[in-house]
Amino acid sequence: MNYQDFQILVDKNKNIRASSEQGEISGELRWEKNQIKLTLQLIDSGKTNRELLKALGTQLYRAIFPSKINARFHAAIANAQANEESVRLRLVFESPELAALPWEFLYDEDTNIFLGNNTETVLSRYIDVPLQKRDIKSASLPLKVLLVISTPTNLAKLDVAGEEKLIREALGKHIEAGEIELDVLHEATIRNINQKLREKSYNVFHFIGHGVFENNQGFIALEDNNGKSQLLDDERFANFFLGNSNLGLVVINSCQGAAVGSNQAFAGTAPNLVRRGVPAVVAMQYYIFDNTAKIFADEFYRTLALGYPVDEAIQTTRNAISMEVGLDKRDFATPVLYMRTSNGIILDVKKNF
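Residues numbered from 1 in each chain as written. Predicted model: local features only at pLDDT ≥ 70, side-chain atom pairs only at ≥ 80, totals over all residues. Heavy atoms only, no water.

Attention now goes to the pairing of strand β16 (residues 335-339). Most of β16 sits inside the fold, with five of its five residues counted as buried. Residues P335, L337 and M339 of β16 are buried on one face, and the alternating residues V336 and Y338, pointing to the opposite face, are buried as well. Of the pairings in the sheet, the one linking strand β15 (residues 280-284) to β16 comprises five bridges and is antiparallel in character. Pairing of A283 across the sheet is with V336, part of β16. (Buried < 20%, exposed > 50% of the residue type's maximum accessible area, 1.4 Å probe, protein only. Helix = DSSP H or I, 4+ residues; strand = E, 2+ residues; numbered from the N terminus. Pairing = 2+ DSSP bridges.)

See below:
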């Protein structure tokens, strides 16, 4: 599938600039701040229904798609469809307050669809950092995946065995064919992870465990030498991947890995990883239940293993979650994709499979 880019940048003064093949067009963001915040409180508590989520999605949509930009967006979709292409929708926010909103709930009343589920308009948070835009070189076979499982004995137990099984099943035929190499690390201490990353050049790093967001900072719960929780802040966690040019994707399957701070747009584990140079990061903006985590692992890796761009893979995964769990729950909008690559090809494996 080929894509046409449609990028929306909202600056700190809430000015909107939309860029596409049809040129640039500007607008102004207007939103019902207090009403949206009340809705978000209900969603945070898990008190949701389909009408509530559609109402929120409509408010968010109207905020960043004022009339002229909305018309240009629909024109871009029509043009892409005429050429048998899709639209790659990239959202860039300079305001931390706006970056913290769950834009994966964007809902277009005209088409009666959540944009986060629509495979014809793949959606990602684009991190525009002052670094050289770096696309990932094609991974040589086998594609190397490191699954890190952190289960501190003093934290709530997760069904990590079930999720590991699903990941193995999703990648099974590719592992048997020698096309993907999956390593699993169960004792997730800082030293063990560092040593594992030095043993080989991994293309994907997948973390399963607990994450917390406190005082505008994200933390990942690793294990100390006694098996207890050792919280690692987002900056120290990002240091695992410094200078790793082969790493294309980090997946953080923890309950608050996608949170963004209120005083810095890059605060929070996922966006900080992209800021440090990781091309793409998938993380969760709400607590993810075990059954949803299993759907995510199964659908996402099966799609990624076929060579699909990571933004298309996450889009089909959100759609699969919405069909199995329902559009009345927040689960389908929980996975968030942050990236800084130009084409979404994180793992260029299709030509090798």
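So that's the structure; there's more coming.
The geometry of helix α5 (residues 160-176) relative to helix α9 (residues 290-305) is characterised by a closest axis approach of 9 Å and an angle of 20° between their N-to-C directions. When the interaxial angle is binned, α5 and α9 end up roughly parallel. Crossing of α5 against α9: the hand is right-handed. The residues of α9 that touch α5, namely those facing G162, E163, L166, I167, E169, A170, L171 and H174, are A293, K294, I295, A297, D298, Y301, R302 and A305. Grouping the amino acids of the contact of α5 with α9 by side-chain chemistry returns nine nonpolar, two polar and five charged. (Axes fitted to C-alpha atoms, helices over the stretch in contact; angles between N-to-C directions. Parallel < 35°, antiparallel > 145°, perpendicular 65-115°, else oblique. Left-handed = near helix turned anticlockwise from the far one by under 90°. Contact = heavy atoms within 4.5 Å. Nonpolar A, V, L, I, M, F, W, Y, C, P; charged D, E, K, R; others polar.)

Taken together, the eleven strands give an open sheet; going across it, the order is β3-β2-β1-β4-β7-β16-β15-β14-β10-β8-β9, and neighbouring strands pair in mixed fashion. Of all strands in the sheet, those bounded by a partner on one side alone are β3 (23-28) and β9 (180-185). The mean inter-strand angle of the sheet, taken between neighbouring strand axes irrespective of direction, is 20°. Relative to strand β14 (residues 249-253), strand β10 (residues 204-208) is paired through five bridges, and the arrangement is parallel. Residue F207 lies in a different strand from β14, and its bridge partner there is I252. Against the sheet, α5 contacts β8 (143-149), β9, β10 and β14, and its axis sits at roughly 160° relative to β9.

According to the stated counting rule, one finds 15 salt bridges in the structure shown. For R90, the salt bridge identified is with D5, shortest N-O distance 3.4 Å. Of this pair, R90 sits in strand β4 (residues 86-93) while D5 sits in strand β1 (residues 3-10), placing them 85 residues apart in sequence. One salt bridge in this structure joins D298 and R302, with 2.6 Å as the shortest N-O distance. Residue D298 and its partner R302 are located together in helix α9, separated by four residues, close to a single helical turn. For D298, a relative accessible area of 22% translates into the label partly exposed. By sharing partners, the salt bridges in this structure join E181, D183 and K200 into a single network. (Salt bridge = Lys/Arg side-chain N within 4 Å of Asp/Glu carboxyl O.)

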